[in-house]
Amino acid sequence: METLRNRKNTHKVQPKRVTQEDDELVEQYEKQDCSTRQMGDGESNPEPLVQEMYKEKSADTLRKNKLFKISFEVDLVSVTLFILGVATRMYKLEEPRHIVFDELHYGKYVSLYMKRTFFFDSHPPLGKQLIAGAAYLAGFDGNFKFDRIGSPYADSVPLFALRFVPALCGSLLMPVAYHLMLEMGLSQWTSLLAGLLLLCDNAILSQSRFVLMESMLLLFSLFGLLCILKFRHYHTKPYTLHWWFWLILAFGSLTCALCVKYAGFYSCCLGFAILSRDYWKLLSNPNISDRSLFLRFVGKAVVIIAVPLAVYLSVFYVHLNVLTNAGPHDSIMTSAFQASLDGGLASITKGQPLLVAHGSQITLRHTHGRTCWLHSHAHVYPIRYPDKRGSSHQQQVTCYSFKDVNNWWIVKRPEKNDLVVEQPVDAIKHGDVVQLVHGITSRALNSHDVAAPMSPQSQEVTCYIDYNVSMPAQNLWRVEILNREQNGDAWHTIQSLVRLMHVNSSQALRYSGRQLPDWGFNQHEVVTDRIVHQDDTIWNVEEHRYTKSEDQKERERDLVNAEMIPTAATKLSFWEKLLELQYKMLITATENVQNHMYSSEPLEWPLLSRGIAYWVSSASNAQVHLLGNLVIWYTASFSLALYCILLIFYLLRRHRHCYDLDLAAWSKFQLIGEVFLTGYVFHFVPYFFVERTLFLHHYLPAFTYKILLMTALIEHVHHVLDRVLRQRLLARIFTLAVLCWAGSVLYVFRKFSVLCYGNTALSTSDILSLRWKDTWDFIVHKN
C-alpha cells in the first residue's frame, strides 16, 4: 500500500523536482544494470520504479524533444588524428617547388582543364577534376608548361592549391580508418593505432603531398567501406532513412574511388561481396518472409546499380562538356570525335563534302585501336624476307601514324577511266565495287595470294606494279558500310564505318598491329584477313575532297596544298562520345606495356624491394623517393601470414569441436578476415594478371587493408593471452613489446621523412646510410 501511495504521489510532484529525482534513479539503475551484466546473462529488466518514471513522460514531450533537440559529439581522438594528418601532409607543401614524378602528367591535365582542351587518359577524370577545381579557384590560368620532371614551377603557379586536394584527402585518411576500426567492433586503442600507422607510413605520406591520385583513391575506398559497415547496423530496420542513407553514400563513395582510378573497382567488388555475404545469411533466417527478402534484394539492387551509374555518368558528363576544344591528345579518337571538337580536325573537315563518290580524294583512318592512316610510298617489299620467304616485290602499303601526303587515295569505279568528280555526283553505296588509286604514285590498292611479311597467315597488300609477269592485278574492293542503319546506304565522310572486302579472295583489309622492320620504315603492317568480323578491319574516311583535274601533276599539287573551308561542325551526342571514350580507354590500358627503371613486380611489393625516385635536386642530394616504413611493411606481411595460420588452426580445432574462442571473439576474428583479408586479396591478386608497367604505389590500397588487418590481429592476440589463456603477465609483456615496436615505427618514419619532404640537402654518406636494402636504387650526386 505504501508503494502504491508513493506512486500516486509522484504524479503531484513538480516537473523540476521529478527531473532531479529521475537523474538519481537513472544513476542507481545504471550502476545496478552494469553489475547485473557483469555477473551473468547479459540481460536484465529495469527496476519497476524506473519503468514508472519513464511512463510519466508524455508522448508529446518526447516528440518535442526529438524534433527540436540537436545532439552531436566530437571524438577528440579522431580530431587529433586529423590535425596530425594536416601537420604532416601540409608541412611546407610547396616544397620542393619542382615537378615531382607524375605531377608531370596530372599537372598537364589540370592545365588542359583550365583551357577546356580535350585530353586522353586511361583512367577516369574525377581526381583530376577535383584538383582542377582547386586550381581554378586559386586563379591558375593553365599556361605553365609541364615539360619534364624536375622543372621548376613558375611563380604564377598556385602550387599549394594544386597539391591541396591530395594533401587534404591524405589528412582525412587517418580519422576515417579510425572510425572504420571502431565500426568493426575493435577497441579505441586499436583504432587509434591503425590511424597512427597510416599516419607514420612514409609511402602514404609521399603520395599525399604531391599532385597524385592515390590519397583520393584510398579515402573514397575506406569511407565507402565505413558507410557499408554503418549500413549493416540497420539490417533489422530496412527501408528506414538511415538504411537508404548509408547504402547510397557507401556506393556513391566507392564509385568515386572508381572514378579516380580504375583500381577503385576492386573496392566496389569488396563492398558488393560484403553485402552479398550479409544477404546470404539473411536467407537462412526463418523470421523473414520471402516477400521481405525479395524487397530487400530489389532495394539494394536498385541502389547498387543506379547510384554508381549516376555518379560515373555525371563525372564523364562534366568531363566531356568542359573539354570542348581540340588538343594534342585527340588524334587517338575517331575522326567523328575529333571533328566534333572546336579547332583541330574540325577546322579541316567542316567544309568537306559529305558523300564519297567516284573521283573522291580521301584519307582512310583505322577507326578502332591505334591511330593510323592507310599509306603507301614508292618503296617496294624486299625480294626475300629474313625467313627466306619470297615477296611480290610490289609497292608497299602500310598504316602510318602521322598525317602525310602519301595518305591520300582516290576512289574510282572500275568501268571509268577519268578521276574527276561528275555532276551529279556518282555516290558510292553499300555493296559497290571500287578501286582505290594512290594519290601520289597513281597505283591501285591490290592484294594477291602472297603471304604478308609479318603475318604470313594473311595476304600481302600492295599497290600494283605491272612487271609483265604472270601476276595480274587483283585491285577490286567491295565497300561494306557497317552502320548504314544510322547513316543510310551512301558512303559518308567521317560518319560511315566501312569494311573493304577484297573481291578475289573475299578477305577484309585489316590493320595487323605488327610493326615492319627498317625496310618498311617501322610503319605498321596492313594485310587482308579471312577473319572478317573484327575491329581492325573497320575504317572510315577522315579527310575528303573532290578531284577537279585529270592532270596528275595538278592533282598532286592539290593534295599537297589541300585546305578546307570551315562551314558547320560535326555533332556527336554525349552517349556517342562516352561509348567511344570508354572503348579507347580500355584498348589503351591493355596496350600500356613498357619498361621503366623503377617499375616493379607484385611479388616485390610486400617486402619493399624497390622504391621509386620521384625527384632529385640538381644542386644537392635533396630528393623525394617513394619508400614505405620498413618496420610497418615487414610486420604487416608477417601479420598477414600469422592471421592465415591462426584462421586455419581455429577452423581445424572447431572442426574437432574444440572451441578455443567464445562466440563473440570468433565472430570478430571472422569479420576482420572477411573485410580486411578479402580487401587485401581483392586489391593485390589482380596485379599478377595485369600486363602493364607496375609501380610500388599500385600496392598502397592492398597495403592499407594489410595495416588494418595487422592492428586488428594485435588486439586479438592480446585478447587470447589475457582472456583465453589467462596469462596476464604475457599479455603485459606483449603490450610492452607493441609499445617498443611502435617506437621503432616512429624512429623509421622520422629517419626516412627526409625522402618524403625533399627539402633537406643530403650528403653522399647521408644517402648511403638510408640504403637499408641493396635493391634500393637512390640517385646520388657526388659532392
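Scope of this entry: the structure provided in the associated data block.

Quick word on the overall build of the protein chain
Okay, step 1: The helix and strand inventory of the protein chain stands at 25 helices and 14 strands.
Okay, step 2: For the protein chain, the residues scored as buried account for 51% of the 783 residues in total.
Okay, step 3: Of all intrachain contacts in the protein chain linking residues separated by at least 6 positions in sequence, the fraction that spans at least 24 positions is 75%.
Okay, step 4: Total accessible area on the protein chain stands at roughly 38000 Å², and carbon and sulfur atoms take up 59% of it.

Re the environment of Ala177
Okay, step 1: You can see Ala177 is positioned in helix α8 (residues 159–183).
Okay, step 2: By relative accessible area, which is 0% here, Ala177 ends up buried.
Okay, step 3: Residues Ala177 and Leu219, 42 residues apart in the sequence, show an inter-C-alpha distance of 8.9 Å.
Okay, step 4: Not counting residues up to four positions away in its chain, the partners in contact with Ala177 are Leu198, Leu222 and Leu708.

Digging into helix α5 (residues 76–89)
Okay, step 1: If you check α5, its first and last C-alpha atoms are 20 Å apart, about what 14 residues at 1.5 Å a residue would give, namely 20 Å.
Okay, step 2: The complete set of buried residues in α5 reads Ser78, Leu81, Gly85, Thr88 and Arg89. The buried residues of α5 occupy an angular sector of 95° when projected down its axis, which confines them to one face. Summarising the geometry of α5, the exposed residues directed more than 90 degrees from the buried face are Leu76 and Ile83.
Okay, step 3: Where α5 is buried, its residues meet α8, α9 (188–199), α10 (202–208) and α24 (754–757).
Okay, step 4: Where α5 begins, the side chain of Asp75 points an oxygen toward the backbone nitrogen of Val77, at a separation of 3.0 Å.

A closer look at the pairing of strand β10 (residues 507–515)
Okay, step 1: Relative to β10, strand β9 (residues 498–502) runs antiparallel, the two sharing two bridges. The partner of Met501 across the bridge, within β10, is Ala508.
Okay, step 2: Between the antiparallel neighbours β9 and β10 lie four residues, among them Ser506 with a positive phi of about 60°.

With respect to the side chain of Asp722
Okay, step 1: Residue position: Asp722 is located in helix α22 (residues 700–724).
Okay, step 2: Leaving out residues up to four positions away in the same chain, Asp722 has contacts with Gln727, Arg728 and Ala731.

Overview of the pattern of salt bridges
Okay, step 1: Under the counting rule described, the total for this entry stands at 22 salt bridges.
Okay, step 2: With a shortest N-O distance of 2.9 Å, Glu183 and Lys230 are connected by a salt bridge. In this pair, Glu183 is assigned in helix α8 and Lys230 in helix α11 (residues 214–231), connecting sequence segments 47 residues apart.
Okay, step 3: Given a relative accessible area of 22%, Lys230 falls into the partly exposed group.
Okay, step 4: A salt bridge links Arg365 to Glu542; the shortest N-O distance between them is 3.3 Å. One end of the pair, Arg365, is in strand β1 (residues 360–366); the other, Glu542, is in strand β12 (residues 539–546), and 177 residues separate them in sequence.
Okay, step 5: Its relative accessible area of 0% is what places Arg365 among the buried residues.
Okay, step 6: For Glu542, a relative accessible area of 0% translates into the label buried.
Okay, step 7: Beyond isolated ion pairs, a larger network of salt bridges with shared partners links Arg413, Lys416, Glu422, Asp426 and Asp432.

Parameters and conventions
- Residues numbered from 1 in each chain as written.
- Predicted model: local features only at pLDDT ≥ 70, side-chain atom pairs only at ≥ 80, totals over all residues.
- Heavy atoms only, no water.
- Helix = DSSP H or I, 4+ residues; strand = E, 2+ residues; numbered from the N terminus.
- Buried < 20%, exposed > 50% of the residue type's maximum accessible area, 1.4 Å probe, protein only.
- Contact = heavy atoms within 4.5 Å.
- Areas by Shrake-Rupley, 256 points an atom, 1.4 Å probe, with all protein chains shown as cover.
- Expected span 1.5 Å × (residues − 1).
- Arc of directions from axis to C-beta.
- Polar contact = N/O pair within 3.5 Å; in protein donor to acceptor, adjacent residues only side chain to side chain.
- Pairing = 2+ DSSP bridges.
- Salt bridge = Lys/Arg side-chain N within 4 Å of Asp/Glu carboxyl O.

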